[in-house]
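# Summary of the model geometry
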Amino acid sequence: MDKNEEASEPRKHQCKDTSKCFELLESILDGEMDNSKDVLKEKLAKCQPCFEHFHLEQAIRDVLKNKCTKHELPAELANSIRSKIQEIK
């Protein structure tokens, strides 16, 4: 299967294990994985919940990074924001 065929496949609307996938995506965003670009590209191409979570997480990090440039982001703050967003969904 070539890259064009992969791109045309619809994404799954449900993820088999969202918590595991979300942890994977967050570790990729944190730069903790060497092969992250390939894993990320494949995962986002196949799974809509992971695609949405990744972009939401990335947006949160970008906003916080821009607002807190001189300070490291406290893990509690990021977790609190994630929790509140999940409550709204």
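Placed above this text is the structure.
To keep things clear, this report deals only with the structure shown in the data block. Just so we're clear, the structure is a prediction, and the values are computed from it rather than from any experiment.

What follows concerns the overall build of the protein chain. Broken down by element type, the protein chain carries 5 helices and 0 strands. The helix and strand sequence of the protein chain, counted from the amino end, reads α-α-α-α-α. Buried residues in the protein chain amount to 25% of all 89 residues. Here the protein chain has roughly 7,000 Å² of accessible surface; of this, 51% comes from carbon and sulfur atoms.

In this section: the layout of surface pockets. The space that makes up the second largest pocket amounts to roughly 160 Å³. As for the second largest pocket, its lining consists of Glu-26, Asp-30, Glu-57, Arg-61, Leu-73, Pro-74, Ala-75, Ala-78, Asn-79 and Arg-82. Only helix 4 (48–67) and helix 5 (75–88) provide two or more residues apiece to the lining of the second largest pocket. Ranked by residue count, the leading element in the lining of the second largest pocket is helix 5, at 4 residues. For the lining of the second largest pocket, the residue count by class is 4 nonpolar, 1 polar and 5 charged.

Attention shifts here to the side chain of His-53. Structurally, the position occupied by His-53 is in helix 4. Those residues within four positions of His-53 in sequence are excluded, and the remaining contacts are Phe-22, Leu-25 and Glu-26.

How each quantity is defined
- Residues numbered from 1 in each chain as written.
- Predicted model: local features only at pLDDT ≥ 70, side-chain atom pairs only at ≥ 80, totals over all residues.
- Heavy atoms only, no water.
- Helix = DSSP H or I, 4+ residues; strand = E, 2+ residues; numbered from the N terminus.
- Buried < 20%, exposed > 50% of the residue type's maximum accessible area, 1.4 Å probe, protein only.
- Areas by Shrake-Rupley, 256 points an atom, 1.4 Å probe, with all protein chains shown as cover.
- 1 Å grid on protein atoms, 1.4 Å probe; cavity = no way out; pocket = protein on both sides within 12 Å on 5 of 7 lines; lining within 4 Å.
- Points joined across faces, edges and corners; volume = space filled by probe spheres on them.
- Nonpolar A, V, L, I, M, F, W, Y, C, P; charged D, E, K, R; others polar.
- Contact = heavy atoms within 4.5 Å.

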